[in-house]
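Remarks on the overall topology
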Amino acid sequence: MPQIILGPQQHAPQIDGSVRGRAYNFLAKLAENDSLPGLHIEPILRAVDPRVRTGRVDDFWRAVLFKVQGHEQAAIYVYLGVWPHDAAIDFAMKTKLQVNPVNGIAELLFSDTPVVPVTPPSVGTAEPNAESVEPLFARRGLTVDALIDELGLAPHIAELAMECREAEDITDLAQQVPGWQGVALIDLSAGLSITAVKETLAIGEEDSALAEDSDSALATALHHPAARLQFAFIEDNEELRRAIEDTNFAAWRVFLHPEQRKYAERSWRGPFRLSGGAGTGKTVVLLHRARNLARKNPQARVVLTTFNKTLADAMQRDLKILDPTLPIAEKLGDPGIFVRGVDAAARAVVQSGGSGVAPAVEAVLGARTSQIARVTDRNAWRDAIASNGDELPSQLKSPVFFQAEYDLVVLPNRVTNLEGYAKVRRPGRGVPLDRNARTAVWSVISAYRLNAGIHGSVDFIETASIAAWILNASGARPADHVLVDEGQDLSPAHWQFLRALVADGPDDLFIAEDSHQRIYRSRVVLGHYGIKIVGRSQRLRLNYRTTQQNLRYAVSVLTGTDFADLEDGAEDTSEYRSARLGPAPRRISASNLTDELDQAATVVGNWLKELKDGEGPETIGILVRTEQAGEQLVRALDERLVPARFVSDKAVPSGKPVVMTMHRAKGMEFTRVLIFGVDAAALPAPFALKNVTDADRQDILQREKSLLYVAATRARDELVILWAGDPSKLLPSSAPR
């Protein structure tokens, strides 16, 4: 049967739903039997490429395709879209599919689509700085010959690139050069060497006859990882229907960067960690990896998990969009892909633990009732401090300190009495405790546990610890593969639970994380909890979502703060880069709250007027620090005739701009984002810093910075930061250049 490949369609005209349906019917028939006379697969006389064909979609519309027929192989058809009859023939005559003679990548050439030269920045009357006049690539020692002969860039693209003075000019050029050449230009502009760019694009890894232009060589070149940035292999009719008919079928669901594809498809000997900044596609890799594992072995038990239910629900929704045929397991341990938040997965283990629950509760929490049906009250630490904290030093009378001490020291070490607590090591806690202080701290912990036992409750972290004990004691391993998103926000007990879910071995744990987005919990080191990465760790640095201007601003929020990853390695943002350009972020200072609300209504109102076709009001996000601020903002916008909707724990509905907390926005994206209330009195949040130790204060301030970074990186195109009075000290002093 013929193979259908979805090629780049940026030159094809927009078509309505009825034409998309007819295009699908045409391709479905083609995939079954390309010799059907009704298809009218016809070569084009005098075309620049003899492989090009047109096919009859209906009396008016024609498909443009390339037919590649390798030796003893079924025909491959590369589909580029549909045009009116005469336009289809005109386009087909000028289009060529070839093997790049330098790197072996399949690529399309459009003979009548010139690339617009980049306009140099205007120069004022002052004498320009000599270095700023010299083109960027020349300053870095690159030459036209190197770009052409070593990397394989098209000569006219290489020449234009050598004229660009700054990285923004390169990004502008790259946006006109889709596929691997655009990605290569962005990587080079970020300072990567040609050798490094070739490595990220898998150039040189493929064994192909580079100089050949035969159909067999072209069939091989279409499989090159870098070629698959533009060419997607369609495996069945249902996938074909979605690719053709769904106008929202985003590129990430089909096309992967070669680096992303490597992490999605390769097998690893043990746990693997993939880090990367916001918008670099870590979650996309996880979704594709889950799909690949399930397809490779339909009986495999794949657990796809993350920090909370909201993000897990979003992953399951996107997984079904990616491939509705995937088996979604409803029960942990069943074949298929089990998608849940980590707390829900732990609860599933405890609920099915049977007779193992009682000894697990005693081992983790000490002697108490094994009834754990309820969730411990959110104010339980405050109450325990009030009742049993008289002997505590004043700086320790903080729920923040106790939650961190409990999560990082007590639970992962299975401490159940004062003797154990007096001996346990407390690395990284920052607050030394002598014997008397430990006794006072343990008195509060005992009160916390006693009260929870009386009410038959446990908190989420305790549930994870109990679940880990049940699995380790029974030897049960209900998963073959565990894929983890947002790993930076998980606690030690979570990691112990995830380690217990799956046996040590190939492809056991695959972890995606970004320390710069740690907004919930204290930092942990995976190696302390039985997860040994040992060289199986890589980082993504190319941002596909956020414009270069917004990314630069978001990263500047992190300046002056040291970050460490889950292996205790230093993290930096020096190689973060974006594939997109847009307007600079706007910073708006209001004189008071009323003025700030007026400004917010003006910004959002103007955005609503500027919405393009296909953009609903829900593509506008308004982010706030607290739920109370969000609910007040919605009422104020309503009074100013700008409708909005506050969203807390449900999926984002359509029809109105969305107001949500910065925490809730984690994992979301919007075309336009307004961050409201970024003033000195609101960020960092005063309640988060109340009565905390110096060590905890520094960690909380880092998380508040990360929260602002997360909020800023939710914007695809436009970002506005708004405050009244004095701006937050977490904001950069000015917009970065």
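Residues numbered from 1 in each chain as written. Predicted model: local features only at pLDDT ≥ 70, side-chain atom pairs only at ≥ 80, totals over all residues. Heavy atoms only, no water.

- The name given to the protein in an unreviewed UniProt entry is DNA 3'-5' helicase, and the organism recorded there is Lentzea sokolovensis.

**A closer look at the overall build of the protein**
- In terms of regular secondary structure, the protein is built from 26 helices and 26 strands.
- Here the C-alpha atoms of the protein give a radius of gyration of 28 Å, agreeing with the 27 Å that 2.2 N^0.38 yields for 737 residues.
- If you line up the protein on its principal axes, its C-alpha atoms span 90 × 70 × 50 Å.
- The 737 residues of the protein split such that 55% are buried. (Helix = DSSP H or I, 4+ residues; strand = E, 2+ residues; numbered from the N terminus. Rg over C-alpha atoms; globule rule 2.2 N^0.38 Å. Buried < 20%, exposed > 50% of the residue type's maximum accessible area, 1.4 Å probe, protein only.)

**Section: the nonpolar core**
- Ranked by internal contacts, the top residues of the largest apolar core, which has 69 residues, are Ile 466, Trp 495, Phe 497 and Leu 498.
- Looking at this core element by element, the count peaks at eight residues for helix α20 (residues 435–455).
- The contacts of Phe 497, once residues within four sequence positions are left out, are Val 342, Ala 345, Ala 346, Val 349, Ala 464, Ala 467, Ala 468 and Leu 471.
- One finds Ala 12, Ile 105, Phe 110 and Ile 203 within the second-largest nonpolar core, a separate group that totals 61 residues. (Core = buried A, V, L, I, M, F, W, Y, C linked by side-chain atoms within 4.5 Å. Contact = heavy atoms within 4.5 Å.)

**A closer look at helix α2 (residues 85–93)**
- Within the span of α2, buried status applies to Ala 88, Phe 91 and Ala 92. Across the axial projection of α2, the buried residues extend over an arc of 100 degrees, all falling on one side.
- Contact partners of the buried residues in α2: β3 (52–56), β4 (61–68), β5 (76–84), β6 (95–99) and β7 (106–110). (Arc of directions from axis to C-beta.)

**Re the UniProt feature "binding site: ATP" (unreviewed entry) in the protein**
- According to UniProt, the "binding site: ATP" (unreviewed entry) feature falls on Gly 276, Gly 277, Ala 278, Gly 279, Thr 280, Gly 281, Lys 282 and Thr 283.
- Considering the arrangement of structural elements, one finds Ala 278 in the loop between β9 (272–276) and α13 (282–296).
- If sequence neighbours within four positions are ignored, Ala 278 has contacts with Asp 514, Gln 517, Asn 543, Arg 545, Tyr 709, Thr 713 and Arg 714.
- With respect to the helices and strands, Thr 283 occurs in helix α13.
- Look at Thr 283 and you get partly exposed, because its relative accessible area is 28%.
- Setting aside residues up to four positions removed in sequence, Thr 283 forms contacts with Met 315 and Asp 485. (UniProt positions renumbered as here; feature names shortened; annotations may be inferred.)

**Section: the sheet that holds β9**
- Taken in spatial order, the six strands make up an open sheet running β11-β10-β14-β15-β9-β16, and their pairing is parallel. Each end of this open sheet is capped by a strand with a single partner; those strands are β11 (336–341) and β16 (537–540). Averaged over neighbouring strand pairs, the angle between their axes works out to 15 degrees when direction is ignored.
- Pairing geometry for β9 and strand β15 (residues 509–513), over four bridges, is parallel. (Pairing = 2+ DSSP bridges. Axes fitted to C-alpha atoms, helices over the stretch in contact; angles between N-to-C directions.)

**Some remarks on the side chain of Gln 260**
- Among the structural elements, Gln 260 can be located in helix α12 (residues 258–265).
- Looking at Gln 260, the relative accessible area reads 6%, which means it is buried.
- With residues up to four places along the chain from it excluded, the contact list for Gln 260 reads Thr 280, Gly 281, Val 285, Leu 540 and Tyr 544.

**A word on the pattern of salt bridges**
- With the rule as written, the count across this model stands at 33 salt bridges.
- Connected through salt bridges with shared partners, the residues Glu 405, Arg 426, Arg 429 and Asp 696 form a single ionic network. (Salt bridge = Lys/Arg side-chain N within 4 Å of Asp/Glu carboxyl O.)

**Section: the packing of aromatic side chains**
- Tallying each qualifying case throughout the model produces 13 aromatic pairs.
- On the numbers, 5.6 Å between centres and 35 degrees between planes, the contact of Tyr 263 with Phe 272 is tilted. In this pair, the class of Tyr 263 matches that of Phe 272, namely buried.
- Three or more aromatic residues joined by ring pairs form one cluster here, namely Trp 381, Phe 401, Phe 402, Tyr 406 and Tyr 448.
- Between Arg 438 and the ring centre of Tyr 421, over which it is positioned, the NZ or CZ distance is 5.6 Å. (Phe/Tyr/Trp six-rings, centres within 6.5 Å; stacked < 30°, edge-to-face > 60°. Lys NZ or Arg CZ within 6 Å of the ring centre and 35° of its normal.)

**Concerning the pairing of strand β25 (residues 670–675)**
- Summarising burial for β25: six of the six residues are buried, a large majority.
- Where strand β22 (residues 620–624) and β25 come together, four bridges link them in parallel fashion. Paired with Ile 620 across the bridge in β25 is Arg 672.
- Across five bridges, β25 lies against strand β26 (residues 715–724) in parallel orientation. From the neighbouring strand, Phe 670 faces β26, where its bridge partner is Ala 715.

**Re the sheet that holds strand β24 (residues 658–661)**
- Across the sheet, six strands lie side by side as β21-β26-β25-β22-β24-β23; this open sheet has parallel pairing. The sheet terminates laterally at β21 (586–590) and β23 (645–646), the two strands that pair on one side only.
- Packing against the sheet, helix α24 (residues 593–610) makes contact with β21, β22, β25 and β26, and its axis sits at approximately 160 degrees to β26.
- Of the strands in this sheet, β22, β25 and β26 touch helix α26 (residues 694–712), which is tilted by about 140 degrees from β25.

**Side note on the confidence of the model for the protein**
- On average, residues of the protein score 88 in pLDDT, and 92% of them are at 70 or above.
- Low confidence marks residues 247–252, where pLDDT is under 50. Its contacts with residues over four positions away, or in another chain, come to 10 contacts. (pLDDT = per-residue confidence, 0-100.)

**Topic: the environment of Tyr 79**
- Note that Tyr 79 resides in strand β5.
- When the C-alpha atoms of Tyr 79 and Ala 158 are compared, they prove to be 28 Å apart, with 79 residues separating the residues in sequence.

**Looking at the side chain of Ser 457**
- Among the secondary structure elements, Ser 457 is positioned in strand β13 (residues 457–458).
- Classification of Ser 457 as buried rests on a relative accessible area of 4%.
- Here Thr 376 takes part through its side chain, which lies 2.9 Å from a polar atom of the side chain of Ser 457.
- Setting aside residues no more than four positions away along its own chain, Ser 457 makes contact with Arg 368, Gln 371, Arg 374, Val 375, Thr 376 and Ala 452. (Polar contact = N/O pair within 3.5 Å; in protein donor to acceptor, adjacent residues only side chain to side chain.)

**Some details on the pairing of β9**
- Within β9, five of the five residues are buried, leaving the element largely enclosed by the surrounding structure.
- Burial of β9 is two-sided: the residues Phe 272, Leu 274 and Gly 276 facing one way and the residues Arg 273 and Ser 275 facing the other way are all buried.
- Pairing analysis gives four bridges linking β9 to β16, with the strands arranged parallel. Paired with Arg 273 across the strands is Ser 537, a residue of β16.

**Remarks on the packing of α12 against α13**
- Two numbers describe how α12 lies on α13: the axes approach to 8 Å, and their chain directions differ by 40 degrees. The orientation of α12 with respect to α13, classified from their angle, is oblique. Judged by the twist between their axes, the crossing of α12 over α13 is right-handed. Seen from α12, the contacting residues are Gln 260, Tyr 263, Ala 264 and Glu 265; seen from α13, they are Val 285, His 288, Arg 289, Asn 292 and Lys 296.
- Residue composition of the contact of α12 with α13, grouped by class: three nonpolar, three polar and three charged. (Parallel < 35°, antiparallel > 145°, perpendicular 65-115°, else oblique. Left-handed = near helix turned anticlockwise from the far one by under 90°. Nonpolar A, V, L, I, M, F, W, Y, C, P; charged D, E, K, R; others polar.)

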